[in-house]
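Observations on the model geometry
One-letter residues, chain by chain:
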Amino acid sequence: MKQIIFILFSFLFVNTYSQDTTYARQVIKKLTSKELLGRGYVNDGVNKAASYISKELKTIGLSKFEKSYSQYYEFPVNTFPRTMSVVLDGKTLIAGKHYLIYPSAETIKGGFQLFKTDSVTYEANDGKRPFPIKVKLRKKLTYTVATQISDNAVIELLKDSFPNELKTIDVIFKNKFIPIFKCQNLCGFIKGTQQPDSFIVFTAHYDHLGAMGKEAYFPGANDNASGVSVLLNLAKYYKTHPSKYSIAFIFFSGEEAGLLGSKYYSEHPIFPLSKIKFLTNLDLLGTGDDGIMVVNATIFKEQFEKLNQINIEKNYLKQIKQRGKAANSDHYWFSEKGVPSFFIYTMGGVTAYHDIYDIEKTLPLTKYLEVCKLLIEFNAKF
Ligand SMILES: [Zn+2]
């Protein structure tokens with residue numbers, strides 16, 4: 001009986017990535033949970049996410065380069081950890097759904113008259129600050145992270161929710177600027193069978209935008225709990241199917257704050273960058289309805305041809321589109337330093353991006369398994 005259970009267990013384990021997306025869902029659910037608060041800076045959400053990923057790496061059995069999987073570094077960040085409130089013409093608004101405060105803003109408190117300056121802008125001038133507070137109507141609310149504060153206080157409102165002329169606004173926003181926020185990248189590997197000193201590398205950022213006040217947090221299911229889950233799935237796969245080269249997995253933080261974790265790593269690599277055969281950065285891996293995009297495809301043409309050829313033969317994805325270089329995710333510092341690398345993201349499926357609607361429940365994972373297979377087959381070509 002024990003033997004049968006063991007065989008059955010091994011079979012399921014080996015085939016996890018190819019059988020279903022159960023483990024992916026489990027990882028994405030955990031990373032998008034309220035407990036991790038959008039993997040940002042309020043309540044140390046990003047470091048709680050790091051603890052969870054470290055535990056998974058240990059369970060899977062990844063080797064460490066150093067004593068732990070963690071590489072620490074730091075940067076400044078502005079946060080809004082306290083309760084916030086916006087009352088617009090007597091109506092209490094919902095954070096994230098109706099409004100956002102610019103992440104670089106300082107504390108604002110008070111009631112203001114609004115004056116329209118153009119079709120989408122109002123100004124509230126209390127005479128106490130160098131610039132008036134601005135209220136801007138947006139088609140979509142898209143949040144970011146600020147590593148510094150600015151005088152420029154802007155409250156963004158969802159345009160469709162407020163069709164009428166606006167008159168007054170009452171707000172409470174209390175910022176907390178953290179000059180030194182300690183963050184970490186995580187890195188583990190599976191030793192190669194023939195040339196263990198050479199590496200195939202997979203990277204994904206695990207941080208997101210965190211929380212805005214006590215009322216709203218940004219789950220970041222597609223961006224980038226999805227990519228993290230792919231890395232963990234690939235780690236499981238390679239643990240039982242080791243390759244000729246060592247396979248390294250790097251989980252970056254600080255991406256949403258300006259690619260800070262990957263920048264730090266590329267300047268303080270744990271193993272020589274020259275030993276990287278190829279690096280694939282994965283960010284936004286939760287859809288695939290319209291195929292995938294490959295950034296750096298026009299720079300690394302030969303590698304792109306290989307990737308495309310596999311897809312033509314196996315018909316995994318509707319299309320693989322190509323782009324040139326772009327500083328839009330963590331691959332950037334590596335290709336700038338001459339490391340052959342792609343950044344791959346999936347296309348179609350959902351429109352939620354940098355907002356409160358990027359949740360696990362609506363993330364389709366349409367071509368999740370196909371992308372995993374494509375990545376494994378592509379990296380076997382080196
Ligand atoms: Zn991202």
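The paragraphs below set out a description of the structure included in this document. The shown structure was predicted, so the numbers you read here are calculated from the model rather than taken from an experiment.

In spatial order, the strands read β4-β3-β11-β6; together these 4 strands make up an open sheet with antiparallel pairing. Single-partner strands in this sheet number two, and they are β4 (91-92) and β6 (108-113). Examined bridge by bridge, β6 and strand β11 (residues 168-173) share 6 bridges and lie antiparallel to one another. By the bridge assignment, Lys 109 is partnered in β11 with Ile 172.

On to the sheet that holds strand β10 (residues 154-158). For sheets, the rule is that strands pair by backbone hydrogen bonds, running either parallel or antiparallel. Ordered by their spatial adjacency, 5 strands build an open sheet running β5-β10-β9-β8-β7, and the pairing between neighbours is mixed. Of all strands in the sheet, those with a lone pairing partner are β5 (99-101) and β7 (115-118), marking the two edges. Neighbour to neighbour, the strand axes of the sheet diverge by 25° on average, direction disregarded. Pairing of strand β9 (residues 133-138) with β10 involves 5 bridges; the strand directions are parallel. Residue pairing across strands places Val 135 opposite Ile 155, the latter belonging to β10.

In this section: the pairing of strand β13 (residues 195-205). Note on strand geometry: in a regular strand, side chains alternate between the two faces of the sheet. Relative to strand β16 (residues 245-252), β13 runs parallel, the two being bridged by 8 bridges. Bridge assignment links His 205 to a residue of β16, and that residue is Phe 252. Pairing of β13 with strand β17 (residues 276-282) involves 5 bridges; the strand directions are parallel. Within β17, the position partnered with Ile 200 by the bridge is Phe 278.

Put simply, Asp 223 and Asn 224 share a cis peptide bond, and its omega is 0°. Mapped onto the elements, Asn 224 comes out in helix α5 (residues 221-240). Even without being a glycine, Asn 43 presents a positive backbone phi close to 55°. Taking the number of C-beta atoms within 10 Å as the measure of exposure, Asn 43 has 17 and is therefore partly exposed. In the Ramachandran plot, Asn 315 falls in the positive-phi region, its phi being about 55° despite a non-glycine side chain. The residue Asn 315 is located in the loop between α7 (301-314) and β19 (320-322) in this model.

The rules behind the values
Residues numbered from 1 in each chain as written. Predicted model: local features only at pLDDT ≥ 70, side-chain atom pairs only at ≥ 80, totals over all residues. Pairing = 2+ DSSP bridges. Helix = DSSP H or I, 4+ residues; strand = E, 2+ residues; numbered from the N terminus. Axes fitted to C-alpha atoms, helices over the stretch in contact; angles between N-to-C directions. Buried ≥ 20, exposed ≤ 12 C-beta atoms within 10 Å, placed from the backbone.

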